[in-house]
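In case you want the letters, here they are:
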Amino acid sequence: MKKTTIAGALGMVCAFGFGPVHAAPPADWSKVAATEITLFYPGVSPLEWVTKGTEHGGARALKKGDTCADCHSDETAKMGQLIASGQKIEPEPIAGKAGFIPVKVQAAHDGDTLYLRFSWKQPKASGAAKMDDKNPMKIAVMLDQGKVTMADQGGCWASCHADSRTMPGAADSKKKYVKDGSLAGGVFYDLVQWRSGEKKGFDGHVADSRVMEGGKALVAAEGKLDGDTWSVVFARKFAGGEGDVTLAAGKIYNFGFAIHDDHAAGRFHHVSLGYKLGIDAKADITALKQ
């Protein structure tokens, strides 16, 4: 389902059943604090690898309660370069693939709608065959309300498994998603995505399956490439529908995001570690009322 643009959402009746939309993103994003998060190329590092001590030295720290960011937040660029080059956990290295992408993340809200802005310089193209010929770039954001096992430690990794599509030896149909995933029980990731070629925003979720539609919280998604710099803004209501995490002031949510650069698809993306998003609450990224 295509979502309206940020500008088009103002002062009009949204076609998706949300009623009049009067909210507006910050007029001057330069006045909103920015947090730099470096996405890295993860190679073949599904949850099974992350939690296996004989393969991943950090598995013991995870069992003690540490987060992936506790150990790796200062070395994501180095990790991405090692993996993208094929030196670690990547049996199919892509020549010229960027190892990491530094991204500036900004967040704000107006009491009813959360605005998330991501900006970064587009890496040099690898020249490899296009996996997704429709979309040069896709960006996705995932939120958890504290019910997905390991989301508080590993961000999106709780949905990444060895049988995922494009993993070595995996079938086209994925078998595993979120452990004990259940919309009724609140055990799911809220997922929003914007696709550059299709110029569409998607509002879905990941529970016992991955669904790219059905959510009602996302009211607008808009991206722009200005020279070599991307900027993408999502606007989503605090309250939504099935598969939407309900946001509230003073609360903190598990947060992670990924970019499919260079016409990538499946696991060949760049990902963040797991972080915290606070609504008027101190966190890695804090959305303050404007």
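Note: the structure precedes this text.
What you are looking at is a predicted structure, and each value in this text was computed from that prediction instead of being measured. (Residues numbered from 1 in each chain as written. Predicted model: local features only at pLDDT ≥ 70, side-chain atom pairs only at ≥ 80, totals over all residues. Heavy atoms only, no water.)

Asks: Just give me the short version of helix α4 (residues 76-84), but keep the residues and values in it.
Replies: Among all positions of α4, only T76, M79, G80, I83 and A84 are buried. For α4, the angular spread of buried residues about the axis comes to 120°, placing them on one side. Among the structural elements, β3 (34-40) and α3 (68-72) are those in contact with the buried residues of α4. G86 occupies a position one or two residues after α4 and carries a positive phi of about 90°. (Buried < 20%, exposed > 50% of the residue type's maximum accessible area, 1.4 Å probe, protein only. Helix = DSSP H or I, 4+ residues; strand = E, 2+ residues; numbered from the N terminus. Arc of directions from axis to C-beta. Contact = heavy atoms within 4.5 Å.)

Asks: Account for the layout of surface pockets, with residues named and values stated.
Replies: Volume-wise, the largest pocket comes out at about 830 Å³. As for the largest pocket, its lining consists of 37 residues, of which R210, H260, G266, R267 and H269 are closest to the centre. Those elements giving two or more residues to the lining of the largest pocket turn out to be β6 (138-144), β7 (189-195) and β12 (252-260). Broken down by class, the residue content of the lining of the largest pocket amounts to 17 nonpolar, 12 polar and eight charged. As a volume, the second largest pocket reaches approximately 300 Å³. At the level of elements, α1 (47-50), α3 and α4 are the ones that each hand at least two residues to the lining of the second largest pocket. (1 Å grid on protein atoms, 1.4 Å probe; cavity = no way out; pocket = protein on both sides within 12 Å on 5 of 7 lines; lining within 4 Å. Points joined across faces, edges and corners; volume = space filled by probe spheres on them. Nonpolar A, V, L, I, M, F, W, Y, C, P; charged D, E, K, R; others polar.)

Asks: Please give an account of the environment of A27 that cites residues and values.
Replies: With respect to the element layout, A27 can be found in the loop between β2 (19-21) and β3. By relative accessible area, which is 87% here, A27 ends up exposed. Separated by 82 residues in the primary sequence, A27 and H109 have C-alpha atoms spaced 12 Å apart.

Asks: Can you explain the packing of aromatic side chains? Please cite residues and give values.
Replies: Using the criterion set out here, one finds six aromatic pairs in the structure. Ring centres 6.3 Å apart and planes at 25° place the aromatic pair W120 and W230 in the stacked group. Here W230 lies in strand β11 (residues 229-237) and W120 lies in strand β5 (residues 113-121), a separation of 110 residues in the sequence. Each member of the pair, W120 as well as W230, is classed as buried. (Phe/Tyr/Trp six-rings, centres within 6.5 Å; stacked < 30°, edge-to-face > 60°.)

Asks: How would you explain the pairing of strand β4 (residues 100-109) if you had to name every residue and give the values?
Replies: Among the 10 residues of β4, seven are classified as buried, and the element is accordingly described as predominantly covered. Where β3 lies against β4, seven bridges are found, and the strand directions are antiparallel. Across the sheet, residue E36 finds its bridge partner in β4, namely K104. Sheet analysis places β4 next to β5, joined by six bridges and oriented antiparallel. Across the sheet, the residue bridging to H109 is L114, located in β5. The turn joining β4 and β5, which pair antiparallel and follow one another in sequence, is formed by three residues; a positive phi near 95° is taken by G111. (Pairing = 2+ DSSP bridges.)

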